[in-house]
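# Topology and contacts: notes
So you can see what is in the structure, the chains are spelled out below.
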Amino acid sequence: GRDGTGTAGDPEYTTDLSGKLVRPRFTQPAKMRKRVIARPVGSSVRLKCTASGNPRPDIMWLKDNKPLTPEEVGEGRKKKWTLSLKNLTPENSGKYTCHVSNRAGEINATYKVEVIQRTNSKPILTGTHPVNTTVDYGGTTSFQCKVRSDVKPVIQWLKRVEPGDENKYNSTIEVGDHGFVVLPTGEVWSRPDGSYLNKLLITRAKEEDAGMYICLGANTMGYSFRSAYLTVLPDPKPHHTPIPTATSPSLPWPVIIGLPAGVVFILGTVLLWFCQSKRQCSSGGVVTAQALTASQRPAPRVPACPPSGDKDCLSYYMTQQQQLLLAQGGSGLAVPKVYPKIYTDIHTHTHSHMDGKVHQHQHIHYQC
């Protein structure tokens, strides 16, 4: 065509080569749904009317039913499908119509553009949003905020920090008498009525998500804000803290049972030995004290042996010793029992004298 060469694959340049006539149709209707557009002075806007047909359709742009000049529309066929209006002024307000036609037919689409004078005012939150919201534990909900501003505002969401939770956040800001934490904010959408919309999405709601939220809209002239509360219902399935279970032992059962038994046996043996040692020490102390008391008394005198012989002397001596022990026991002292054990050793000696006499005698050794 005289207006330029199309690019293969672009929908607006699709042509049926079979020669069959096809009336024009818009190929991107989703981008044409917004027909009423409000923009502040100095901003820009793009109006789309992409279409196809056979033969290739022509497009003509009109403002208030009057054709626009080529300079206003732009050069090149591809640019004709989109009308760009930059640095808007109040004179740009009006109705813009795209007229698409070929030999098979024609179609039209009209946009209403309104250029708003700047009032140099701070943003205004319109409507009732954000509103108080209740969500189930683990559920999903959202707050939305609608702001009207002469220029595209900055919309920010804040959450009030509850008392005692200040250390959970790296940084907070003061709004009034309370501290707030700044939340991540998504894209700000412009609406046909000239306002701007932003949403705060809360997924997998937990108890700590409950509280006060603030939508803050700001531009160079100031800011406005509005608050709402989020309530998170209790978890229907409370999480119980798992109790740690004992791990299975790696040692065999005989060793596990034998070790405590061995320890108990050793402790019992040591305890028994200690008790017996203590008892013996106590008994020895009593005997020593009794022996010391008895030693302080004058030793009794044992009568001399009778002249009847050595064996009679031994018997006589043992008898006298028993009588002495009984006499000492009668004096009130606790005298321990004596168990004598006699060992006898008899030696016979024979002596011969020079005068012819022979003398023979015996030596008897005993131990008690």
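It should be emphasised that the depicted structure is a prediction, and the values quoted were computed from it without experimental measurement.

## Overview of the overall build of the protein chain
- For the protein chain, the count of helices and strands is 4 helices and 21 strands.
- Here the protein chain holds 368 residues, and 26% of them are scored as buried.

## Quick look at the sheet that holds strand β16 (residues 189-190)
- Strand order in the open sheet formed by 4 strands is β10-β12-β17-β16, and the pairing between neighbours is antiparallel. Each having just a single partner strand, β10 (124-125) and β16 make up the two edges of the open sheet.
- Pairing analysis gives 8 bridges linking strand β12 (residues 141-148) to strand β17 (residues 195-202), with the strands arranged antiparallel. Among the inter-strand pairings, Val147 is bridged to a residue of β17, identified as Tyr196.

## A short note on a nonpolar patch on the surface
- Taken together, the side chains of Phe265, Ile266 and Val270 make up a nonpolar region of the molecular surface, amounting to roughly 330 Å² of accessible area.
- In this fold, Ile266 is placed in helix α3 (residues 253-295).
- For Ile266, a relative accessible area of 52% puts it in the exposed group.

## Section: the nonpolar core
- Among the nonpolar cores identified, the biggest contains 24 residues, and Phe26, Leu47, Cys49 and Trp61 are the most heavily contacted of them.
- Of all elements in the fold, only β3 (45-48), β5 (58-63), β7 (82-85), β8 (94-102) and β9 (105-116) reach the threshold of two or more residues within this core.
- In contact with Leu47, other than residues within four places in its own chain, are Ile37, Trp61, Trp81, Thr82, Leu83, Tyr96, Tyr111 and Val113.
- In terms of nonpolar packing, the next biggest core, distinct from the first, is built from 20 residues, Val161, Leu200, Ile202 and Cys215 among them.

## Looking at the confidence of the model for the protein chain
- For the protein chain, mean pLDDT is 76; residues scoring 70 or higher make up 65% of the total.
- A low-confidence stretch, residues 1-14 stays under pLDDT 50, and its non-local contacts, those more than four residues away or across chains, total 20 contacts.
- Predicted confidence for residues 285-295 stays below pLDDT 50, and this span has 2 contacts to residues more than four positions away or in other chains.

## With respect to the packing of aromatic side chains
- Taken as a whole, this structure holds 3 aromatic pairs when the rule is applied.
- A ring pair is formed by Phe143 and Tyr213, whose centres lie 5.3 Å apart and whose planes are at 40°; its orientation type is tilted. Taken together, the residues span a long stretch of sequence, with Phe143 in strand β12 and Tyr213 in strand β18 (residues 211-219) at a distance of 70 residues. Each member of the pair, Phe143 as well as Tyr213, carries the same accessibility label: buried.

## Some points on the state of the cysteines
- For the structure on display, the rule yields 2 disulfides.
- Covalently, Cys49 is tied to Cys98 through a disulfide, its sulfur atoms 1.9 Å apart. Taking the sign of the S-S torsion, about -70° here, the bridge from Cys49 to Cys98 comes out left-handed. Residue Cys49 is found in the loop between β3 and β4 (51-54), and its partner Cys98 is found in strand β8; the two are separated by 49 residues along the sequence.
- In this model, Cys145 is linked to Cys215 through a disulfide, with the two sulfur atoms separated by 1.8 Å. Given an S-S torsion of about -85°, the disulfide between Cys145 and Cys215 has left-handed geometry.

## Some thoughts on the pattern of salt bridges
- Applying the stated criterion across every chain, the model contains 2 salt bridges.
- Measuring nitrogen to oxygen at the nearest pair gives 4.0 Å for the salt bridge that ties Arg160 to Glu162.
- The exposure class of Arg160 is buried, given its relative accessible area of 17%.
- Residues Lys206 and Asp209 are paired through a salt bridge, measuring 3.8 Å at the closest nitrogen-oxygen approach.
- On the basis of relative accessibility, which here comes to 33%, the residue Lys206 falls in the partly exposed class.
- Look at Asp209 and you get buried, because its relative accessible area is 17%.

## Some thoughts on unusual backbone geometry
- Between Asn54 and Pro55 the backbone carries a cis peptide bond, its omega angle lying at 0°.
- As for its placement among the helices and strands, Pro55 is situated in the loop between β4 and β5.
- Looking along the chain, the bond that leaves His129 and enters Pro130 is cis, with omega of -5°.
- Structurally, the position occupied by Pro130 is in the loop between β10 and β11 (133-135).
- Positioned with a positive phi, Asn65 is a non-glycine residue whose angle comes to about 70°.

## Some details on the pairing of β18
- For β18, a buried count of 7 out of 9 residues is recorded, marking the element as mostly surrounded by other parts of the structure.
- One ladder, built from 6 bridges, connects strand β13 (residues 154-160) with β18; its direction is antiparallel. Among the inter-strand pairings, Ile155 is bridged to a residue of β18, identified as Gly217.
- As judged from the 9 bridges shared by β18 and strand β19 (residues 222-232), these two strands associate in the antiparallel manner. Directly across from Gly211, in β19, lies its bridge partner Leu230.

## What to know about the environment of Val147
- Here Val147 shows up in strand β12.
- Val147 sits in the buried class, given a relative accessible area of 0%.
- Sequence spacing of Val147 and Leu125 is 22 residues, and the spatial spacing of their C-alpha atoms is 4.5 Å.
- Residues in contact with Val147, not counting those within four places in the same chain, are Pro123, Ile124, Leu125, Pro153, Ile155, Ser195, Tyr196 and Gly217.

Rules used in this analysis
- Residues numbered from 1 in each chain as written.
- Predicted model: local features only at pLDDT ≥ 70, side-chain atom pairs only at ≥ 80, totals over all residues.
- Heavy atoms only, no water.
- Helix = DSSP H or I, 4+ residues; strand = E, 2+ residues; numbered from the N terminus.
- Buried < 20%, exposed > 50% of the residue type's maximum accessible area, 1.4 Å probe, protein only.
- Pairing = 2+ DSSP bridges.
- Patch = residues over 30% accessible without salt bridge, like charges linked within 9 Å, V, L, I, M, F, W, Y side chains within 5 Å.
- Areas by Shrake-Rupley, 256 points an atom, 1.4 Å probe, with all protein chains shown as cover.
- Salt bridge = Lys/Arg side-chain N within 4 Å of Asp/Glu carboxyl O.
- Core = buried A, V, L, I, M, F, W, Y, C linked by side-chain atoms within 4.5 Å.
- Contact = heavy atoms within 4.5 Å.
- pLDDT = per-residue confidence, 0-100.
- Phe/Tyr/Trp six-rings, centres within 6.5 Å; stacked < 30°, edge-to-face > 60°.
- Disulfide = S-S within 2.5 Å.

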